[in-house]
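Descriptive analysis of the structure
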Amino acid sequence: MSTNQDASPETMTTADFRERVLLAVHDGESQEVVLGPEGDQLTVNGNEALVLAKLQFRRSLRFVKVTFTEFVDLAEATFERSLRFENCTFQKGLRLRDVRVGGLLSLAGCTIQEAGPGFVDARRLRVDGLIDLSLVTSKVGWDLTNLRAGDDLRLDGIQVTAKLNEKEDIPQQADLADRGHLEREMLGKALNLEGADIAKHVYVYKGTDEHKRGATFKGSTDLRAKIGGGVGFLGAKLEHASGLAVDMQGAEVGESVLFRDGTTVEGGVDLRAKIGGQVAFAKATLERPNGLAVNMEGAEVCGSVFFRDGTSVNGEIDLRAKIGGQVDLAKATLEHPNGKAVNMVSAEVGGAVFFRDSTSVNGEIDLRAKIGGQVGIVGAILENLDGKAVNMVGAEVGRSVFFRHGTFLRGVVDLTQARLRNGFYATNEPYQKTFAIPVERDQNIKNLTILGELRMAYAEITGPCLFHHVHVWGRIHARHLTVHGDLDFCGSIIGPGDSSEEFAEQQLSAASVPWTEDQWTKARTWQAAEVERKPPEEKTQQPNTTSSTSTSTPVNFEMAEVHGSFWARGTRVLGTLTLEDAEIAGEANFDG
């Protein structure tokens, strides 16, 4: 075949091209038949479809730079070896329904134009080898329902635009069967893999072209399939703002599910699936304002779940799932004001749960879960202005809970009836288990501030309960608290704060910068009354004597049980600390 770039485009009728295909397949001894132009492009036109349906081909077929002006129908054809379309154009559509391919199936670089039945019909397609749809440009959705693939499905750099959710968008030239199927099953779907069985991986990476274009799906991507390997979206764009952008409800995935490297999602992501590896969102953006951005209710994940490395989620994350590893939100931004940013009610997590490294959350974090590891909030900003910033009512935590340096919590922190098996640590000193200021100044030490109530009534803590150099601008309710260890409030401020935005901004600023050398000196010398440990305005230092009893009693440990010592050295309580009917087994120390 000549590749002379100066040759004129070649034209052939549909009937002549079909005859050429059949002759080439039956004549010659080569294992592969290549069909294409002598020059730049071969155009196959005519007034009839190119029908190769129900035929059997024993040699590999390869179509190169062919433009098909009419519909191409390969339904029920059998290709014992490979079938390849390279940089071909289908102006009126393509049908691959019930096709059997013994080797590779490739449509890399092909274009499917809008004219035609309104979707690519590849239902019940069977391919023993790799399926390569890389760099395909399709103005219609792909129906791969009940696909069987013996290798990977590659969708690198694919661009698919589905028909809209409107009957007017159905092509008039589509026959009645296609129109009915499009209306019932494919409107709004860019890719339909429902019921598919893929032996290895589904890759949605950037293309290998010079521009490294990312995949784009305008419409829902249905992955309710059985996938032996993993699913990876890297640099992809998934758009279906009116519904689910990715639907994996009931899917079975042998390895991990990844949304990484600039992947953006407009619409919901349904991951109510069985996943053998991890679920990771890294450098991803998910937008479903005031809605459910990620749904993992009832999911089973053998590995960990990550939202990290600059991932941004606008909408709720539902993690009411069984997770074998940890849940890690590091350097993430979550927005769901006046709702739950993270919902883990009744979740079961085998490992730890982290909010760390400048993670910012606007909305409630509901951790009423069973957590086998620790819960760590470090260097995070968690805000829920009119509700609970952290809800751990009745939670069971197998190891410690710690709030540490640089953390700012605005809203109620509720640990009522929680069970913590290895202590509670609210401290500016990382890894500290007893009160002691490090000798050397640590640039990582920042303020730890809770701007709201801390509720610990009826909680049970096995191990120490430490509040060291913490600012709690709200009341502490800890009636009937049980601590199997020491209870320490050392070098802290506790009491009602100012409800103004200015005061909140001051406290947030204080939590975002390292301690000064002066603060270190004062911490070492137990000078709790110095200015850094006072509220910024005089009015916030004085309790409101006309308010309720709970307002004038900012720290309430009535009927608490402390099986170790109770220390409040160097702590400033803006009001009354109540220990009525409390039982303290060890020393009570209020020095400083």
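Our structure's up above, just so we're on the same page.
A short tour of the structure in this document, coming up. Just so it is clear, the model here is predicted, and its values are computed rather than measured.

**So, the overall build of the chain**
In terms of regular secondary structure, the chain is built from 5 helices and 70 strands. By residue count, 55% of the 592 residues in the chain fall in the buried class. Restricting the contact set of the chain to residue pairs at least 6 apart, pairs at least 24 apart contribute 57%. With the model as given, the accessible surface of the chain reaches about 23,500 Å², and the carbon-plus-sulfur share is 44%.

**As for unusual backbone geometry**
Most peptide bonds take the trans configuration, and most residues that are not glycine carry a negative phi. Here the phi dihedral of K65 falls at roughly 55°; this positive angle occurs in a residue that is not glycine. Looking at where K65 falls in the secondary structure, it is placed in the loop between β6 (60-64) and β7 (66-68). With relative accessibility at 32%, the residue K65 sits in the partly exposed group. Even without glycine at this site, S358 takes up a positive phi of about 75°.

**Description of the packing of aromatic side chains**
Considering all chains together, one arrives at 18 aromatic pairs under this definition. On the basis of an interplanar angle of 75° and a centroid distance of 6.4 Å, the ring pair of F68 and F85 is categorised as edge-to-face. Within this pair, whereas F68 is found in strand β7, its partner F85 is found in strand β10 (residues 83-86), the two being separated by 17 residues in sequence. On the basis of relative accessibility, which here comes to 1%, the residue F68 falls in the buried class. Seen from their ring centres, F489 and F557 are 5.5 Å apart, and the 70° between their planes marks the pair as edge-to-face. In this pair, F489 sits in strand β62 (residues 487-490) while F557 sits in the loop between β64 (555-556) and β65 (561-562), placing the two residues 68 residues apart along the sequence. In terms of burial, F489 and F557 fall into one category: buried. Across the ring face of F402, the terminal group of R404 is positioned such that the distance to the ring centre comes to 4.4 Å.

**Comments concerning the pattern of salt bridges**
Across all of its chains, the model carries 32 salt bridges by this definition. One salt bridge connects K200 with D151, and the closest N-O pair in it is separated by 3.7 Å. One end of the pair, K200, is in the loop between β25 (197-198) and β26 (202-204); the other, D151, is in the loop between β21 (148-149) and β22 (153-154), with 49 residues separating them in the sequence. A relative accessible area of 39% means that K200 is categorised as partly exposed. Between R479 and E558 there is a salt bridge, with the nearest N and O atoms lying 2.9 Å from each other. Taken together, the residues span a long stretch of sequence, with R479 in the loop between β60 (476-477) and β61 (482-484) and E558 in the loop between β64 and β65 at a distance of 79 residues. Linked by salt bridges that have partners in common, K189, E194, D222, R224 and D247 make up one network.

**Topic: empty space enclosed by the protein**
It is the rolling of a water-molecule-sized probe over the atoms that shows where space remains empty. Across all of its chains, the model carries 2 cavities of 30 Å³ or more by this definition. Volume-wise, the second largest cavity comes out at about 30 Å³. Lining the second largest cavity are L96, L105, A122, L125, I131, L133, W142 and L144. Residue composition of the lining of the second largest cavity, grouped by class: 8 nonpolar, no polar and no charged.

**A word on the environment of T13**
The topology assignment puts T13 in strand β1 (residues 10-13). Residue class for T13 comes out partly exposed when judged on its relative accessible area of 37%. Sequence spacing of T13 and N45 is 32 residues, and the spatial spacing of their C-alpha atoms is 5.1 Å. Setting aside residues no more than four positions away along its own chain, T13 makes contact with V44 and N45. Side-chain polar atoms of T13 contact the side chain of D16, separated by 3.1 Å.

**Comments concerning the nonpolar core**
Within the largest apolar cluster, 149 residues are counted, with the highest numbers of intra-cluster contacts made by F17, F63, F68, F259 and F424. What F424 contacts, discounting residues up to four positions off in sequence, is V401, F403, L415, M456, I461, P464, C465, L466 and F467. Among the nonpolar cores identified, the runner-up in size contains 6 residues, and A352, F354, V378 and Y425 belong to it.

**A look at the side chain of D366**
As for its position among the elements, D366 is in strand β46 (residues 360-366). We classify D366 as buried; its relative accessible area is 0%. Of the polar contacts made by the side chain of D366, one reaches the side chain of R368; its length is 2.7 Å. Each residue touching D366, except ones within four places of it in the same chain, is listed here: K340, V342, N343, M344, V345 and N391.

**Some thoughts on the pairing of strand β31 (residues 237-247)**
By the bridge criterion, 3 bridges tie strand β27 (residues 216-218) to β31 in an arrangement that is parallel. Bridge pairing in β31 links T216 to K237. Where strand β28 (residues 220-222) lies against β31, 2 bridges are found, and the strand directions are parallel. Its bridge partner lying in β31, T221 is registered against V246. As paired elements, β31 and strand β34 (residues 264-270) share 6 bridges and run parallel to each other. In the strand pairing of β34, L244 is matched with G268.

**Re the pairing of strand β42 (residues 327-330)**
By the alternation rule, side chains of β42 split into V327 and L329 and D328 and A330, which are all buried. Across 4 bridges, the pairing between strand β39 (residues 305-308) and β42 is parallel. By the bridge assignment, V305 is partnered in β42 with V327. Both β42 and strand β45 (residues 353-356) contribute to a ladder of 4 bridges, which runs parallel. Opposite V327, over in β45, you have V353 as the bridge partner.

**A short note on a negative patch on the surface**
Where like charges cluster on the molecular surface, the negative patch consists of E561, E580, D581 and E583. Tracing the backbone through its elements, the reader meets D581 in the loop between β68 (577-578) and β69 (583-584). Of the residues examined, D581 reaches a relative accessible area of 57% and is grouped as exposed.

Scoring rules and cut-offs
- Throughout this document, residue positions are counted from 1 along each chain, in the order its sequence is written.
- Restriction of local features to residues with pLDDT of at least 70 applies here, the model being predicted, together with a cutoff of 80 or more for giving and counting side-chain atom pairs; totals for whole chains, interfaces and linings are based on all residues.
- Side-chain metrics in this entry use all non-hydrogen atoms of the structure; hydrogen atoms and water are not considered.
- A run of H or I in DSSP becomes a helix once it reaches four residues, and a run of E becomes a strand once it reaches two; helices and strands are each numbered from the N terminus.
- Buried residues are those whose accessible area, probed at 1.4 Å on protein chains only, stays under 20% of the maximum for their type, while exposed residues exceed 50% and partly exposed ones sit between those limits.
- Whether two residues are in contact is decided by their heavy atoms: any pair within 4.5 Å suffices.
- Surface exposure here means Shrake-Rupley accessible area, sampled with a 1.4 Å probe, where a residue is shielded only by the protein chains that are shown.
- For Phe, Tyr and Trp, where Trp contributes only its six-membered ring, two rings pair if their centres lie within 6.5 Å, and the inter-plane angle classes them as stacked under 30 degrees, edge-to-face over 60, or tilted in between.
- Definition used: whenever NZ (Lys) or CZ (Arg) falls within 6 Å of the ring centre and also within 35 degrees of the ring normal, the charge is taken to sit over that ring.
- Salt bridge, as applied in this entry: a Lys or Arg side-chain nitrogen positioned within 4 Å of an Asp or Glu carboxyl oxygen.
- Throughout, the protein atoms alone are placed on a 1 Å grid, and a set of points is a cavity if a 1.4 Å probe fits but cannot get out or a pocket if it is open with protein on both sides within 12 Å along at least five of seven lines; lining residues have an atom within 4 Å of a point.
- Grid points are joined across faces, edges and corners, and a volume is the space filled by probe spheres set on the points.
- Basically, the charged four are Asp, Glu, Lys and Arg, the nonpolar ten are Ala, Val, Leu, Ile, Met, Phe, Trp, Tyr, Cys and Pro, and anything else, Gly included, counts as polar.
- Pairing of N or O atoms within 3.5 Å defines a polar contact, subject to two protein rules: one partner must be a possible hydrogen donor and the other a possible acceptor, and residues neighboring in sequence count only if both atoms are side-chain atoms.
- The nonpolar core is taken to be a set of buried Ala, Val, Leu, Ile, Met, Phe, Trp, Tyr and Cys residues, with the residues joined through side-chain atoms within 4.5 Å.
- Two strands are counted as paired when DSSP detects at least two bridges linking them.
- Patch building starts from residues that exceed 30% relative accessible area and form no salt bridge, then joins like charges within 9 Å and nonpolar side chains (Val, Leu, Ile, Met, Phe, Trp, Tyr) within 5 Å.
- Asp and Glu count as negative and Lys and Arg as positive, but His and the ends of the chain are not part of the count.
- Lys charges are placed at NZ, Arg charges at CZ, Asp charges at CG and Glu charges at CD.

The quantities given are spatial measurements derived from coordinates; they are silent on function.
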